[in-house]
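One-letter residues, chain by chain:
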Amino acid sequence: MSNQYKLTLKGLQYLQNSKINFHGYLQSRNCIVDCRYAVKLMDFSPKNVFKSKIRKKINLLNYGSLSNFEILNLSIDLLWTAPEVFGSLKDYRGVESERCCDMYSFGLILQEIITREHPFVYSKTEKDPVELIKFILKNNAAPKVDLMDYWDNDCPMAILDVINTCIYSPPFKRPLPKQILEIIKYDCFILFITEKTVQEQK
């Protein structure tokens, strides 16, 4: 499996440990690969995510007079946005909330890396971006996606668990980059030992 997600995590960890504190607009199109195959995070902002471009786009989607094409583009752009951003701000806790939103977005990026598809392509309910956003607005939750078909040697179960935890757990129970790196490190070590044992038995 690609190491892109690890580099994305480390970049996110760096941002969250810096004075910026969070990314706020994390999506796969904001993760670029340079000539050395290193992932770089771009388009982050120190502004509060609920007062940033994302919130403006949500308001535009809800109250603006848009063409079908504009609605589609806005919906695609909002696919990586955590469900709680669409809803009430009563549980907003400043920087802590922003970081939780980052981790939701990271879960979707990890899903993209595994499936090589856009977020929620394998959703059991909606697949169209516009309908997906309508679903999230209505249910204040992401649609379920079954990724068990991707559980193999290239995608350890720990990775699938991280995806599910980032996307479907309550905001403040989503793991932070440091926790995910530890989980992945341990799981990859176990996988390496298992593969080595199998090879020796052959």
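Residues numbered from 1 in each chain as written. Predicted model: local features only at pLDDT ≥ 70, side-chain atom pairs only at ≥ 80, totals over all residues. Heavy atoms only, no water.

Under the annotation held in an unreviewed UniProt entry, the protein chain carries the name guanylate cyclase and is attributed to Octopus sinensis.

*Asks:* Break down the packing of helix α3 (residues 68-77) against helix α6 (residues 129-139) for me, with residues and values.
*Replies:* In contact at an axis separation of 8 Å, α3 and α6 are set at 60° when each is read in the N-to-C sense. Between α3 and α6, the interaxial angle falls into the category oblique. Classified by chirality, the crossing of α6 by α3 is left-handed. Packed against α3, whose contacting residues are Ile71, Leu72, Ser75 and Ile76, the element α6 presents Pro129, Val130 and Ile133 at the interface. Partitioning the contact of α3 with α6 into residue classes produces six nonpolar, one polar and no charged. (Axes fitted to C-alpha atoms, helices over the stretch in contact; angles between N-to-C directions. Helix = DSSP H or I, 4+ residues; strand = E, 2+ residues; numbered from the N terminus. Parallel < 35°, antiparallel > 145°, perpendicular 65-115°, else oblique. Left-handed = near helix turned anticlockwise from the far one by under 90°. Contact = heavy atoms within 4.5 Å. Nonpolar A, V, L, I, M, F, W, Y, C, P; charged D, E, K, R; others polar.)

*Asks:* Residues and numbers for the nonpolar core, please.
*Replies:* Residues Tyr104, Phe106, Ile159, Ile163 and Ile180 are the most contacted members of the largest nonpolar core, which totals 45 residues. Listing elements by their share of this core, those giving two or more residues are α1 (4-17), β2 (39-41), α2 (53-63), α4 (83-86), α5 (95-115), α6, α7 (157-168) and α8 (177-201). The biggest single contributor to this core is α5, with nine residues. (Core = buried A, V, L, I, M, F, W, Y, C linked by side-chain atoms within 4.5 Å. Buried < 20%, exposed > 50% of the residue type's maximum accessible area, 1.4 Å probe, protein only.)

*Asks:* So what's going on with the confidence of the model for the protein chain? Residues and values would help.
*Replies:* Here the protein chain shows a mean pLDDT of 78. Residues at 70 or above account for 79%. Scored below 50 in pLDDT, residues 189-202 makes three contacts in the model with residues more than four places away or belonging to other chains. (pLDDT = per-residue confidence, 0-100.)

*Asks:* For the packing of α5 against α7, give the residues involved together with the corresponding values.
*Replies:* Closest axis-to-axis distance for the α5/α7 pair is 7 Å, and the angle between their directions is 140°. Relative to α7, the element α5 is oriented oblique. For the pair α5 and α7, the crossing hand works out as left-handed. Packed against α5, whose contacting residues are Met103, Tyr104, Phe106, Gly107, Leu108, Leu110, Gln111 and Ile114, the element α7 presents Ile159, Leu160, Val162, Ile163, Cys166 and Ile167 at the interface. Tallied by class, residues from the contact of α5 with α7 come to twelve nonpolar, two polar and no charged.

*Asks:* Quick one: what's the story with the packing of aromatic side chains, residue by residue and with numbers?
*Replies:* Throughout the structure, instances matching the rule amount to zero aromatic pairs. The cationic tip of Lys144 hangs over the ring face of Tyr168; the distance from NZ or CZ to the ring centre is 4.1 Å. (Phe/Tyr/Trp six-rings, centres within 6.5 Å; stacked < 30°, edge-to-face > 60°. Lys NZ or Arg CZ within 6 Å of the ring centre and 35° of its normal.)

*Asks:* Describe α2, and please don't skip the residues or the numbers.
*Replies:* For α2, every residue scored as buried is listed here: Ile54, Arg55, Ile58 and Leu61. Buried residues of α2, seen end-on, are gathered within an arc of 125° and therefore sit on one face of the element. Residues of α2 that are exposed and angled more than 90 degrees away from the buried face: Lys56 and Tyr63. Contacts made by the buried residues of α2 are with α3, α4 and α6. (Arc of directions from axis to C-beta.)

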